[in-house]
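# Structural overview for review
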Amino acid sequence: MRPEAVRASVPSVMAAGRKRVTDYEHTEATRLNNPPAGLAQEDIAPPPTRAFVTTPVDEDPRLPPELVWWGKADTDAFDVEAPSIHIHEALTTEAIIAAARRESAQPALFADPELDRSAQVAFYEHEGRWRNRLVLGDSLTVMSSLLERERMGGQVQMIYIDPPYGVNYNSNFQARLSRRSAKEGSDDALTREPEQIQAYRDTWEKGVHSYLTYLRQRLIASRDLLADSGSVFVQISNENVHHIRELLDEVFGPENFCSQITFLKTSSAGSPSGGTNVLPATSDFILWYAKDRDQVKYRQLYTAKTAGGAGSEQYTWVELPDGERRRMTREERAGIGELPEGSRIFRPDNLTSQSGVEKTRYPVQVFGRDFRPPTGVWKTSKEGMKRLIEADRLILVGNTLSYVRYIDDFPAFPIADVWSDTRTSGFADRKVYVVQTNPKVIARCMLMTTDPGDLVIDPTCGSGTTAYVAEQYGRRWITCETSRVAFALARERILTSAFPYYELEDDDRGVDGGFRLNRINRVTLRSVAQQLPAEDIPLHDEPIVDKSRVRVSGPFTVEALARYADNPFVDEATAREEAGSPEAAENHVTALLDALKAMGIPRRGISPAPVLTLQRLANSGPLHAEGTFVNGGGKEERFAVSLGPRHGPVTVGQIDEALHDAYGYDLVVFAGFAATAEAQEYLREGKRGRFKVALLEANADLLLGDLLKNTKASQTFRLFSAPDVKVARAEDGQVEVELLGMDSFDAATGKVTSRSQLEIAAWFVDHDYDGLVFHVNQAFFTRSRAWDALGKSLKGVIEAEVVDAMHSFTSLPFTPGKKIAVRVVDDAGQTSEAIIDVDGAGQ
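In this text the structure is predicted, and so the values were computed from the model without any measurement.

Calculation criteria
Residues numbered from 1 in each chain as written. Predicted model: local features only at pLDDT ≥ 70, side-chain atom pairs only at ≥ 80, totals over all residues. Heavy atoms only, no water. Helix = DSSP H or I, 4+ residues; strand = E, 2+ residues; numbered from the N terminus. Buried < 20%, exposed > 50% of the residue type's maximum accessible area, 1.4 Å probe, protein only. Areas by Shrake-Rupley, 256 points an atom, 1.4 Å probe, with all protein chains shown as cover. Phe/Tyr/Trp six-rings, centres within 6.5 Å; stacked < 30°, edge-to-face > 60°. Lys NZ or Arg CZ within 6 Å of the ring centre and 35° of its normal. Pairing = 2+ DSSP bridges. Contact = heavy atoms within 4.5 Å. Axes fitted to C-alpha atoms, helices over the stretch in contact; angles between N-to-C directions. Salt bridge = Lys/Arg side-chain N within 4 Å of Asp/Glu carboxyl O. Core = buried A, V, L, I, M, F, W, Y, C linked by side-chain atoms within 4.5 Å. pLDDT = per-residue confidence, 0-100. Polar contact = N/O pair within 3.5 Å; in protein donor to acceptor, adjacent residues only side chain to side chain. Parallel < 35°, antiparallel > 145°, perpendicular 65-115°, else oblique. Left-handed = near helix turned anticlockwise from the far one by under 90°. Nonpolar A, V, L, I, M, F, W, Y, C, P; charged D, E, K, R; others polar. Expected span 1.5 Å × (residues − 1).

## A short note on the overall build of the protein chain
Looking only at helices and strands, the protein chain features 19 helices and 45 strands. Residues classed as buried in the protein chain amount to 55% of the 843 residues present. Summed over all atoms, the accessible surface of the protein chain reaches about 37400 Å², with 48% contributed by carbon and sulfur.

What follows is the structure, encoded as structure tokens:
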């Protein structure tokens, strides 16, 4: 059953007296119809570019100084491609739970109004319901696409950026889902993803100069995305905080600086900063800038005021139940000595003001004496002073008449720019990623500057903490990441989380209408003196919780930058023009062909076939090179090469065109950085018609030139391999899918081994694959047991046996459509797919 055809069966759950399972949906927001991955072949136009322009350096001495670095002037104006962002997966926890409970069909979870074929391929021209977005791709390119393709300029309320803290990679990236550390010099700990290497390795071409260029470009894109009332937060350590503040001054203007927040991250046992003989570094920083400080959205947050705690240091007096007032003892202030029940802690507060009118300078008769303000005037009128006396709000401290301010007059104090309650420890939330921010830090920033329904973007997803917090508090979110490891962790974390259900302010508007908030009263001298009602203060970080409900994440999509199917190649004339130019090394065609010639053609069971000759073809058709190689019998044979695009997969359409033109060749090699699941299945047997075929996956580090250090772990190409799955018929026309494993291919030796199930991090099933988007009906996290925590929250809604089954290698029974799709995520975050024709499947 398709996930858009199932909905949690609320009546049956409520009838049993159990908690209701639900999510929030943003009914007032829409998004443009960016293309589903299955229509990538229709998205063939070359991508537009987004032009970014910075303010040129002006030597006017009245302007603030500006940071200058190597290569900065070269990027004062720069263009960034804006490719489409394709939808690859559609997910909703509620649909997965409903499928696990085999619930009856309910209103659509994912479905937008149906579009006919002509409307479907009119990308970015139609609006559909909002779904949150997890995007795989370079942050700058993604932001460029949001601006240029989706016209999101001025629509984002908050951007949270947690960039690499510096150019050294130690503990700054994670190459495996199962390993939260990175050891310098260890080949098996190295990521093979280009943007990850650029972001976290110590091989930046120009060191900190490249780092500053990297950040400046992304800050400029952030500025263009923000609404006039929006805010940007940049999290950084003491290593580069001074540089980043100068960058932000330049991009946003020093007049839009809001705060430099210091938050504690560890105890005093932290590592020293810069050496072993200086103070330990126990804090990081958040730089907060507004798009326009005069218009910035700001919600004051508070923390509880308790005797002896922060914000209550001056509350050192106590009023006992019998009316006696005295100073608290040292033990009482420390919380050791108990106060009698009914006691009220207070502080004597100033009763005078330096500014006011002369009529508030009058004598006060109280405590058998006359008092006049020693300087200035009283803070209230004669009538007001009379009411303070009647309310017993005055106290004599020495010879000074003071106002009695009880600690419970306002049992909270405003949060400022030092956050000391953000330390993490072994008892904090489970850490799944090597660089994972305490959710409290991001939540505080978000709650200060956004409302439910506002759009939040994090171009540095990591383990998805910003998306997680946005989901918790009903904000819309988009986050992007280049690391497939971090990407997989974020998807798992969001999909399997349980959240409090916050009561809605307006049921008709849903979450976009806001939450009902807990509130507190603030009693002031003015309200007592003028007999005014206490001020009502909303607590924006304390929505009212409905404990009868359990909330899961709302619908979201997994997306990736477009894979263009237009002619991605360069002909011989263009290649000759590029020869010797700096751009020549960026030519992916040259890189792939050179690597193939040097390595040979990977084969199963034996070492790669040596390539004797290889030269480009002059035409721009589906075949791009031809040559000769030595086959397994030692004979020379002819082969042709068809290359996938730099930003795209090898497709079935490309394969058919290439084979049509391949007359006279013994072997046709297809090589690219990605291949569609259909293409992998198409060439799985190694033969297509009369042709021997090979489908090779190229390591993306071929595009990095000399950026990546050579390591023995590097393999230039490997054979694509699909998951090994078995479909078994069950009762009532249902089926079960069993994941048997995956093949692991060593390109250097040709050795193929079955990958251990321990190396499989997750796998998903689409019951009725439509060829457009992978709809996740069942999700299995076989190693992390990520469903366990949610299963505890859903106790009574979903059985423990079903939760166990959601961590296995055998699916729950389901009624299939015409095709079933299985997607597997390995320990390195890489995905592979199998598509099963149900009519030909079964045991």
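## A short note on the packing of aromatic side chains
The tally for this structure, following the rule as stated, stands at 21 aromatic pairs. Each ring, one from W288 and one from Y298, has its centre 5.8 Å from the other, and the planes form 35°; the classification is tilted. With W288 in strand β11 (residues 283-290) and Y298 in the loop between β11 and β12 (302-304), this residue pair connects regions lying 10 residues apart in the sequence. A network of ring pairs unites the aromatic residues Y24, Y473, Y501, Y502 and F515 as a single cluster. Stacked on the ring of Y315, the Lys or Arg R347 has its end atom at 5.8 Å from the ring centre.

## Looking at the sheet that holds strand β42 (residues 774-775)
Within the open sheet, the 11 strands sit side by side as β23-β10-β11-β9-β8-β24-β25-β7-β30-β5-β42. Their pairing is mixed. The sheet is open, and its two borders are formed by β23 (418-419) and β42, each paired with just one other strand. Where strand β5 (residues 85-91) meets strand β30 (residues 556-561), 6 bridges bridge the pair, whose relative direction is antiparallel. Directly across from I85, in β30, lies its bridge partner L561. In the packing of helix α6 (residues 208-225) onto the sheet, contacts are made with β8 (156-161), β9 (226-236) and β24 (455-458), and the angle to β9 comes to roughly 155°. Against the sheet, helix α10 (residues 439-449) makes contact with β8, β9, β10 (257-264), β11, β23 and β24, and its axis sits at roughly 160° relative to β8, the strand it touches most.

## Quick word on unusual backbone geometry
Look at R151: it is not a glycine, yet its phi comes out positive at around 55°. Structurally, R151 is set in the loop between α4 (139-148) and β8. Even without being a glycine, F367 presents a positive backbone phi close to 55°. Among the secondary structure elements, F367 is positioned in the loop between β17 (364-366) and β18 (369-371).

## Some points on the sheet that holds strand β20 (residues 394-397)
Across the sheet, 5 strands lie side by side as β14-β13-β15-β21-β20; this open sheet has antiparallel pairing. The open sheet has two edge strands with one neighbour each: β14 (325-327) and β20. Recorded for the sheet is a direction-independent mean angle of 40° between the axes of neighbouring strands. Two elements, strand β13 (residues 317-319) and β14, share 3 bridges in a ladder whose sense is antiparallel. Counted as the bridge partner of E319 is R325 from β14.

## Description of the pattern of salt bridges
Taken as a whole and assessed by the stated rule, the structure comprises 38 salt bridges. With a closest N to O distance of 2.8 Å, R299 and D451 form a salt bridge. Of this pair, R299 sits in the loop between β11 and β12 while D451 sits in the loop between α10 and β24, placing them 152 residues apart in sequence. A relative accessible area of 24% means that R299 is categorised as partly exposed. For the salt bridge of D421 with K440, the shortest nitrogen-to-oxygen distance reads 3.8 Å. Of this pair, D421 sits in the loop between β23 and α10 while K440 sits in helix α10, and the two are 19 residues apart along the sequence. What makes D421 partly exposed here is its relative accessible area of 33%.

## Quick word on the nonpolar core
Counting residues in each nonpolar core, the largest one holds 74 residues, and the members touching the most others are I286, W419 and W787. Contact partners of I286, with chain neighbours within four places excluded, come to Y160, F233, V234, Q235, S259, Q260, I261, F263, W419, V441 and C445. Counting 45 residues, the second-largest nonpolar core is a separate cluster that includes A29, M152, L219 and I457.

## Observations concerning the environment of R327
With respect to the helices and strands, R327 occurs in strand β14. C-alpha of R327 to C-alpha of W317: the two residues are 10 residues apart in sequence and 4.2 Å apart in space.

## Topic: the confidence of the model for the protein chain
Summary statistics for the protein chain give a mean pLDDT of 81 and a share of 77% for residues scoring 70 or more. Within the protein chain, the element-level pLDDT minimum falls on helix α1 (residues 10-15), averaging 34, and the maximum on β8, averaging 98. Of the regions scoring below 50 in pLDDT, residues 1-17 engages in 53 contacts with residues more than four places distant in sequence or in other chains. Note on residues 706-714: pLDDT under 50 across the span, and 19 contacts to partners over four residues away in sequence or across chains.

## Side note on α4
Counted residue by residue, α4 has 9 buried out of 10 residues, so it is predominantly covered. Within α4, the full set of buried residues consists of S139, L140, T141, V142, M143, S144, S145, L146 and L147.

## Some points on the side chain of N34
In this fold, N34 is placed in the loop between β2 (30-32) and β3 (49-53). Classification of N34 by relative accessible area gives buried; the value is 4%. At 2.8 Å, the side chain of N34 and the backbone oxygen of I85 are in polar contact. Side-chain polar atoms of N34 contact the side chain of E559, separated by 2.9 Å.

## Thoughts on the packing of α10 against helix α11 (residues 465-472)
Where α10 contacts α11, the axes come no closer than 9 Å and their chain directions differ by 55°. As summarised for this structure, α10 and α11 are arranged oblique, according to the angle between their axes. The two elements α10 and α11 cross, and the hand of that crossing is right-handed. Each of P439, I442, A443 and M446 in α10 lies in contact with α11, whose residues at this interface are T465, T466, V469 and A470. Here the contact of α10 with α11 is composed, by residue class, of 6 nonpolar, 2 polar and no charged.

## Overview of the environment of T75
Position of T75 among the secondary structure elements: in the loop between β3 and β4 (77-81). For the pair T75 and T213, spaced 138 residues apart in the sequence, the C-alpha separation amounts to 7.6 Å.

## Some words on the packing of α4 against α6
Axis separation between α4 and α6 bottoms out at 10 Å; the angle between their running directions is 25°. One finds that α4 runs roughly parallel with respect to α6. Remark: the crossing between α4 and α6 carries left-handed chirality. Mapping the contact onto sequence places S139, L140, M143, L146 and L147 in α4 and Q217, R218, A221, S222, D224 and L225 in α6. When its residues are assigned to classes, the contact of α4 with α6 shows 6 nonpolar, 3 polar and 2 charged.

## Points about the environment of A671
Mapped onto the secondary structure, A671 falls in strand β34 (residues 667-672). Placed 28 residues apart in sequence, A671 and L643 show a C-alpha to C-alpha distance of 5.0 Å.

## Section: helix α12 (residues 484-495)
Across its 12 residues, α12 extends 16 Å between first and last C-alpha, which sits within 8% of the 16 Å expected from 1.5 Å per residue. For α12, the side-chain oxygen to backbone nitrogen distance between the N-cap and V485 is 3.3 Å, and the N-cap itself is S483.

## With respect to the pairing of strand β7 (residues 132-136)
For β7, the tally of buried residues reaches 5 of 5 residues, placing the bulk of the element in the interior. A two-sided burial pattern is seen for β7, the buried positions comprising N132, L134 and L136 on one face and R133 and V135 on the other. Examined bridge by bridge, β7 and β30 share 5 bridges and lie parallel to one another. Counterpart to N132 in the pairing with β30 is F556. Across 4 bridges, the pairing between β7 and strand β25 (residues 476-481) is parallel.

## Quick look at the side chain of R347
Take R347: it is sitting in strand β15 (residues 344-349). A polar side-chain atom of R347 sits 2.9 Å from a polar atom in the side chain of Q314. Setting aside residues no more than four positions away along its own chain, R347 makes contact with Q314, Y315, Y403, V404 and R405.

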